[in-house]
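Below are the chains, spelled out letter by letter.
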Amino acid sequence: TSATIEHRFDGSNCKPAVIGLPENVEPVKPEAGDYNYSGMHDHGTLPFPREGGEYAQLIGFVCEAKKASDHFLTKVIEKRSVSG
């Protein structure tokens, strides 16, 4: 048997992502392979990114979709390991 689970991620249930650093967080050089915004580059600080807009909303949708997917897959794995 199979089931279809549908989630909708839109402006009614997802907040726009914060692109830059939270308030009162100092820029630091990131570790190799860390692609999060750190506010710092090899040659100094970076300008603050523009907040809000379509891309921030899209990133918010993707983050919420990932959380929902991780939650769902964790339940599937736990169920399989119990019934194993």
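Here's what I pulled together on the structure shown here. (Residues numbered from 1 in each chain as written. Predicted model: local features only at pLDDT ≥ 70, side-chain atom pairs only at ≥ 80, totals over all residues. Heavy atoms only, no water.)

Broken down by element type, the protein chain carries one helix and two strands. Start at the N end of the protein chain and walk to the C end: the helices and strands fall as β-β-α. A globule of 84 residues ought to have a C-alpha radius of gyration of about 12 Å, yet the protein chain, at 18 Å, is considerably larger. With 84 residues in all, the protein chain has 10% of them scored as buried. Carbon together with sulfur atoms contributes 56% to the accessible area of the protein chain, which is approximately 7,600 Å² in total. For the protein chain, the distance from the average position of its 9 positive side-chain charges to the average position of its 12 negative side-chain charges is 9 Å. (Helix = DSSP H or I, 4+ residues; strand = E, 2+ residues; numbered from the N terminus. Rg over C-alpha atoms; globule rule 2.2 N^0.38 Å. Buried < 20%, exposed > 50% of the residue type's maximum accessible area, 1.4 Å probe, protein only. Areas by Shrake-Rupley, 256 points an atom, 1.4 Å probe, with all protein chains shown as cover. Lys, Arg positive; Asp, Glu negative; His and termini not counted. Charge placed at Lys NZ, Arg CZ, Asp CG, Glu CD.)

Across all of its chains, the model carries zero disulfides by this definition. Among the cysteines around cysteine 14, which has no disulfide bond, cysteine 63 carries the closest sulfur, lying 9.3 Å off. Judged by relative accessible area, cysteine 14 falls into the buried class, the value being 6%. Looking at cysteine 63, the relative accessible area reads 41%, which means it is partly exposed. (Disulfide = S-S within 2.5 Å.)

Turning our attention to the layout of surface pockets. The space that makes up the largest pocket amounts to roughly 160 Å³. The wall of the largest pocket is formed by Ala17, Val18, Ile19, Gly20, Leu21, Pro22, Asn36, Tyr37 and Ile59. A per-class count over the lining of the largest pocket returns seven nonpolar, two polar and no charged. (1 Å grid on protein atoms, 1.4 Å probe; cavity = no way out; pocket = protein on both sides within 12 Å on 5 of 7 lines; lining within 4 Å. Points joined across faces, edges and corners; volume = space filled by probe spheres on them. Nonpolar A, V, L, I, M, F, W, Y, C, P; charged D, E, K, R; others polar.)

Structurally, glutamine 57 is set in helix α1 (residues 53–83). Here the side chain of glutamine 57 touches cysteine 14 through a polar contact of 3.2 Å, landing on its backbone oxygen. (Polar contact = N/O pair within 3.5 Å; in protein donor to acceptor, adjacent residues only side chain to side chain.)

So, on to the environment of methionine 40. Secondary-structure assignment places methionine 40 in strand β1 (residues 40–41). For the pair methionine 40 and lysine 29, spaced eleven residues apart in sequence, the C-alpha to C-alpha distance is 5.1 Å. Those residues in contact with methionine 40, other than ones at most four positions away along the chain, are Pro27, Val28, Lys29, Pro30, Thr45 and Leu46. (Contact = heavy atoms within 4.5 Å.)

What is shown is where atoms sit, not what they do.
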